[in-house]
Each structure stands twice: as structure tokens, then as C-alpha cells.
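Close look at the chain arrangement
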Amino acid sequence: MPHRIIIDTDPGIDDALAFLLALASPEVQLEALTTTQGNVVVETATRNALSVLELAHASQIPVAQGSMFPLVQPLYASAAVHGESGLGNAVLPEPKAQAISQHAVDFLIEKVLAEPGEISVFPIGPLSNIALAIRKEPRFAKAVKQLVIMGGAVREGGNMSPLAEFNIYVDPHAAHIVFHSGIPITLIPLDATHKCLVTRADVEHINEVKSPIARFVKDVLTPYLDFYEANTDFGGSALHDPLTLATLIAPELLTLQELYVDVDIHGGVSMGNTFADFYQIARKPANMKVALDVQGRKFIELFVERMIQLSRKIQD
Ligand code: BDR
Ligand code: CA
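The model shown is predicted, which means the values in this text are computed figures rather than measured ones.

**A look at the sheet that holds strand β2 (residues 28-35)**
- Strands sit in the order β3-β2-β1-β4-β5-β6-β12-β9 across an open sheet of 8 strands; the sheet is mixed. In this open sheet, the two strands that pair with only one neighbour each are β3 (63-65) and β9 (254-259). Across the sheet, the mean angle from the axis of one strand to that of its neighbour is 25°, orientation sign disregarded.
- Pairing between strand β4 (residues 120-123) and strand β5 (residues 146-150): 2 bridges, direction parallel. Note on β5: the bridge partner recorded for V121 is L147.
- Sitting on the sheet, helix α3 (residues 104-114) is in contact with β1 (3-9), β2, β3 and β4, with an inclination near 150° to β2.

Encoded structure:
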């Protein structure tokens, strides 16, 4: 039986690639997308989610629009990394399908409570919707199977401030609620995602198949590769959000450690910093599994293989 998942997202270049990887993976059944502000404002996130599903011939999958603002912090939504549209150079037509009328928070609560222990949620943007669901319906935390979160930087430095990763930085108060909710969590932080580097050669390899999917992968990744080239010496671009799916499709590639992790919400230079109690100084039980390492190249090879398969399947 495939794992039933909902992706909570702010697409976002690597978010879009995470949906495509989910759709390309027989181990996964993508039940819905819920959107949040983050890389872009929520209306753009919703449009992008619908457009990418349409491109992948998956517009039967419902999209529910969620939080317009972080819980406490002001809206961030900047075009710096993902471009004005949120999807780099890709120009997708206006989607035919519409988001469902239910708010993402109510949709998440209803879906999860309808089948307790069945649905995993993969938040790959700021955690605003998940925190609101936890606060609105206390049974949510007990009924959701697990959260697999892209966020945080544990031993690694931040990518939004020297100490904070983007998704946590944008809504640290939401992260605080989620981390202390008691929900089983796997955290996929920059410590692992910075080792999953897609290259121009990988993009060209996918584009040996002539298909709208392959073309889309190239159009979203080209400016993302330019950004990484201009700002880092990584030698590729990090596929942050797709790596969450490794927990289901290639768990052997991840090195996970059970840890107590907290997030700073006190508002100084370390606002949004995610820190782990490696030596159990605080004597608190672990609240998540953290991916501290990954066989990054193997994950990228798997990603490329699955994008080629999806490109072959969807030819118009
Ligand atoms: C995270 O920030 C976003 O820009 C990406 O989509 C990813 O979810 C990485 O820090
Ligand atoms: Ca994201």
C-alpha cells in the first residue's frame, strides 16, 4: 500500500519538484496540496500548486488554500530565490481547476480526523497551517500519522540569517507550536539538504526526453542554479523539499538521529534558530528524528531517474 500524504507548501521551485517526485513515486499517494505564504504570497502559491498539478495531468488532486500570514511575524514573501512568479523561468498557463472552497486548516483537520493514523503531512514551507490546525483542533496532533518537515539548520548555518533556515525563520512561532505538539516528526534540515545538489548536467540528462515535464524542470532549475552559482561554492542547487520524500522512497539514504530540538522565538539574532540538545543537558525526551546526513548524490540520481520516468509518461 502506498503511503498517503498531504503536502503543505509554498511553491516555490523545489516545492514544485517535490510534487513531481511524489507523483512519480509508486510508494506515495499524494492526496492533496495545502498552500501557505512563504516563498510567495498564498494566492500565488495556490495558483502555482494548481498549475503544476495540471502540467502533470493530476488536477484531480485537491488544493486547499491556507494561511495568508505567519502567526506573529509580518509577511515575508520575497522574490529573491524563486523569482516573482515563484517558479523561476517557467511560464505555466492559468490553471483550469480551482482551489476547493474549504480553508487549508479545516481541510487538514477534516482529512486527518476522518482516518486517524492514516495520513502523513509533509510541510515544506513555513509551518503556519500546521500550527493553526494543532491549536484549532486538539485531536489533530493525535490523529495525524506523522509530519515530515523540511526546515531548520541544526549543525549547519542558516540560509536566511546566519542562524536560521527560511521556513522556520518566516514563522518561528508556528515551528515552536509544532515542535512541542507531541506529533511524531522527522525533520529534514539544511544539514542534509545542502548535500543534495542537482547540477546543470542532471537537468540536461532529464531533458534528453522531450516532454513538458522535462522542459519545466529545466525552466524552474536554471535560475535556481544561477542563484546558487552566484551565492555559494556548492557546485549545484539544493533540492530541499524533494528530500522529504526520501523518508518514504529511499529511507536507507538518510542518517536520522532522535533528538530534542527547540526553536528560538525570543527575537534576537538567533530568532528562528533550531538547536538540538546533543548531550541531553536539558534532560528532555527526544521530540523528533533529525536527518543529520544523507547520501546526497544517490538521492539526486533517484530524483533524476524518476523525473525521466515521469517525463516519458506525460508527453503533451
Ligand atoms: C526552504 O526554503 C524555501 O525557499 C525552499 O522552498 C525550502 O522549502 C529551504 O530553506
Ligand atoms: Ca518550500
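**What to know about the packing of aromatic side chains**
- For the structure shown, the criterion picks out 5 aromatic pairs.
- Ring centres 6.5 Å apart and planes at 85° place the aromatic pair Y76 and Y169 in the edge-to-face group. One end of the pair, Y76, is in the loop between β3 and α3; the other, Y169, is in helix α6 (residues 166-170), with 93 residues separating them in the sequence.
- Given a relative accessible area of 29%, Y169 falls into the partly exposed group.
- Summarising the aromatic geometry, the rings of F227 and Y228 are spaced 5.9 Å apart at their centres and angled 75° between planes, so their arrangement reads as edge-to-face.
- Under the relative-accessibility criterion, F227 is labelled partly exposed at 28%.
- Exposure remark for Y228: the relative accessible area of 7% places this residue in the buried category.
- An aromatic cluster of at least three residues, connected via ring pairs, comprises Y224, F227, Y228 and F234.
- One cation-aromatic arrangement involves R155 over F278; the distance from NZ or CZ to the ring centre is 4.0 Å.

Rules of the game
Residues numbered from 1 in each chain as written. Chains lettered and ligands numbered in written order. Predicted model: local features only at pLDDT ≥ 70, side-chain atom pairs only at ≥ 80, totals over all residues. Heavy atoms only, no water. Pairing = 2+ DSSP bridges. Helix = DSSP H or I, 4+ residues; strand = E, 2+ residues; numbered from the N terminus. Axes fitted to C-alpha atoms, helices over the stretch in contact; angles between N-to-C directions. Contact = heavy atoms within 4.5 Å. Phe/Tyr/Trp six-rings, centres within 6.5 Å; stacked < 30°, edge-to-face > 60°. Buried < 20%, exposed > 50% of the residue type's maximum accessible area, 1.4 Å probe, protein only. Lys NZ or Arg CZ within 6 Å of the ring centre and 35° of its normal.

Note that every value here comes from positions in space, so none of it alone points to a role or purpose.
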